[in-house]
Amino acid sequence: MGNASDAMQVSAFGMRAQTARMRIISENIANADSTAREPGGDPYQRQIPVFNNELDRVTGVNRVRMSDVAHDQSAFTLEYDPGHPAADADGYIRTSNVNMLVEMMDMREAMRSYEANLNMIENSRRMQERALDLLRR
C-alpha cells in the first residue's frame, strides 16, 4: 500500500462490504419469525453474504466486495401448531432457520468492522492534514 489515499480506499471498500452485510443481517432478523405459507412449504431461509477480494492492478489496492448471497442450509425448526394454515398432516409447521443470537453477534461484528474502517479513514485524513501543515511551515 503506497499512501494514505490507498488506505482510505481500502477502508471505504470495507465499509461498503460491512454495510451490505448489515443489510443482509437486518433482512434475516426481520424474517426470523416467518413460517411457511402453505402446508409442507418452506419459510424464510437465512441468508449469508459471500465476500471476495479483488486486486486493482492499476493501484495495487485489494478491495473487498459482497459478490453473492448464499442460503443457510441448516434445517428449519419444526413447531407443533395444528391450527396453523401451514401445518402439515401431523400438525407441524416449519419456521425459519434464523437464530437471533447468531444474527445479533454477526451484527455486532459488522458494526465493529465498520467502525474500525471509519477510524482508519479518519486517521488517514488526520495524517494528511498534519503533513500539509508541516509542508506549509
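Here, every reference points to the structure presented above.
From a predicted model like this one, the values you see are computed outputs, not experimental measurements.

A. Here's a closer look at helix 2 (residues 100-136). Its 37 residues place the ends of helix 2 54 Å apart at the C-alpha level, agreeing with the 54 Å of an ideal helix rising 1.5 Å per residue. Turning to helix 2, its buried residues number three or more, namely Glu103, Met107, Ala110, Asn117, Ile121 and Ser124. Buried-residue contacts for helix 2 involve helix 1 (4-30). The opening residue of helix 2 is Asn99, an N-cap whose side-chain oxygen sits 2.9 Å from the backbone nitrogen of Leu101.

B. Structural context of the environment of Ala12. Relative to the helices and strands, Ala12 resides in helix 1. A residue is classified by how much of its surface remains accessible, and Ala12, at 22% relative accessible area, is partly exposed.

C. Structural detail: the side chain of Thr95. Of note, Thr95 is situated in strand 4 (residues 92-95). For Thr95, a relative accessible area of 9% corresponds to the buried category. Those residues in contact with Thr95, other than ones at most four positions away along the chain, are Ser34, Thr35, Pro43, Phe76, Thr77 and Glu79.

D. Representation of the pattern of salt bridges in the model. In the structure shown here, the tally under the stated rule is nine salt bridges. With a shortest N-O distance of 2.3 Å, Asp42 and Arg94 are connected by a salt bridge. Highlighted residues: Asp42 in the loop between helix 1 and strand 1 (47-56) and Arg94 in strand 4, separated in sequence by 52 residues. Here Arg125 and Glu129 are joined by a salt bridge, their closest N and O atoms 2.7 Å apart. You can see Arg125 and its partner Glu129 sitting in helix 2, four residues apart, about one turn around the helix. Residue Arg125 is classed as partly exposed on the basis of its relative accessible area, which comes to 37%.

E. Geometry of the side chain of Asp72. Residue position: Asp72 is located in the loop between strand 2 (61-71) and strand 3 (77-80). Accessibility expressed as a relative area gives 15% for Asp72, which makes it buried. A polar side-chain atom of Asp72 sits 2.9 Å from the main-chain amide nitrogen of Ser74. Once residues within four sequence positions are removed from consideration, Asp72 is found in contact with Gln45, Arg46, Ile48 and Asn97.

Cut-offs used in this document
- Residues numbered from 1 in each chain as written.
- Predicted model: local features only at pLDDT ≥ 70, side-chain atom pairs only at ≥ 80, totals over all residues.
- Heavy atoms only, no water.
- Helix = DSSP H or I, 4+ residues; strand = E, 2+ residues; numbered from the N terminus.
- Expected span 1.5 Å × (residues − 1).
- Buried < 20%, exposed > 50% of the residue type's maximum accessible area, 1.4 Å probe, protein only.
- Contact = heavy atoms within 4.5 Å.
- Polar contact = N/O pair within 3.5 Å; in protein donor to acceptor, adjacent residues only side chain to side chain.
- Salt bridge = Lys/Arg side-chain N within 4 Å of Asp/Glu carboxyl O.

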